[in-house]
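Now for the letters of each chain:
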Amino acid sequence: YGKGFLVHAGMACMATLVALRPCLSYYAVRFLLFELSTIFVDLHWLLEKLGWEGGLLIKLNDLLVLLAYLLVRICYGYWCTWNIYLDLQAQQAYLSPRVRAAVLLFNFLTHYLNAIWFYRL
């Protein structure tokens, strides 16, 4: 699906490895919530395959995709990133600067991609 998708996959793998540290595992489940919109994207695909394209159900589903994407990936995601930044500052003695920088860089890049994809939606 292009370079953006490849970057997303690589960051997801690296973020999973970094999140295995005890002080970061709290955020692992929170960042998995970013995939809530994927449920509606898959439902859109299914409705198209069933021939319901253009119907009220698929339009409602499209609205739910946008709403879930905005509320979870954009609003809740930025809030989680702010909280993880504060926790990383508090945990400076336990985490190397490279790990802290990697976590913040992954978050920044993910939010950048989320903003681009939300614009395209």
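Just above, that's the structure.
About the criteria used
Residues numbered from 1 in each chain as written. Predicted model: local features only at pLDDT ≥ 70, side-chain atom pairs only at ≥ 80, totals over all residues. Heavy atoms only, no water. 1 Å grid on protein atoms, 1.4 Å probe; cavity = no way out; pocket = protein on both sides within 12 Å on 5 of 7 lines; lining within 4 Å. Points joined across faces, edges and corners; volume = space filled by probe spheres on them. Helix = DSSP H or I, 4+ residues; strand = E, 2+ residues; numbered from the N terminus. Nonpolar A, V, L, I, M, F, W, Y, C, P; charged D, E, K, R; others polar. Core = buried A, V, L, I, M, F, W, Y, C linked by side-chain atoms within 4.5 Å. Buried < 20%, exposed > 50% of the residue type's maximum accessible area, 1.4 Å probe, protein only. Contact = heavy atoms within 4.5 Å.

**Looking at the layout of surface pockets**
Link 1 in the chain: There is about 700 Å³ of room inside the largest pocket.
Link 2 in the chain: Of all the secondary-structure elements, those providing two or more residues to the lining of the largest pocket are helix 1 (3-18), helix 3 (36-49), helix 4 (56-90) and helix 5 (97-120).
Link 3 in the chain: Per-element accounting of the lining of the largest pocket gives the leading share, 5 residues, to helix 4.
Link 4 in the chain: Each residue belonging to the lining of the largest pocket can be placed in one class, and the counts come to 10 nonpolar, 5 polar and 4 charged.
Link 5 in the chain: Lining the second largest pocket we find 21 residues, and of these Met-11, Ala-12, Ala-15, Thr-16 and Phe-31 sit closest to its centre.
Link 6 in the chain: Those elements that place two or more of their residues in the lining of the second largest pocket are helix 1, helix 2 (25-32), helix 4 and helix 5.
Link 7 in the chain: No other element matches helix 1, which puts 6 residues into the lining of the second largest pocket.
Link 8 in the chain: Per-class residue counts for the lining of the second largest pocket are 14 nonpolar, 5 polar and 2 charged.

**Here's the deal with the nonpolar core**
Link 1 in the chain: If you look at the biggest cluster of nonpolar residues, it comprises 11 residues: Met-11, Val-18, Leu-24, Tyr-27, Ile-84, Leu-88, Leu-95, Val-99, Val-103, Phe-106 and Leu-113.
Link 2 in the chain: Sorting elements by how many residues they give to this core places helix 5 first, with 4 residues.
Link 3 in the chain: Once you skip the residues sitting within four places of it in the chain, Phe-106 turns out to touch Met-11, Met-14, Ala-15 and Val-18.

**Some thoughts on the side chain of Asn-61**
Link 1 in the chain: With respect to the secondary-structure elements, Asn-61 resides in helix 4.
Link 2 in the chain: Setting aside chain neighbours within four positions, we find Asn-61 in contact with Phe-40, Leu-43, His-44 and Leu-47.

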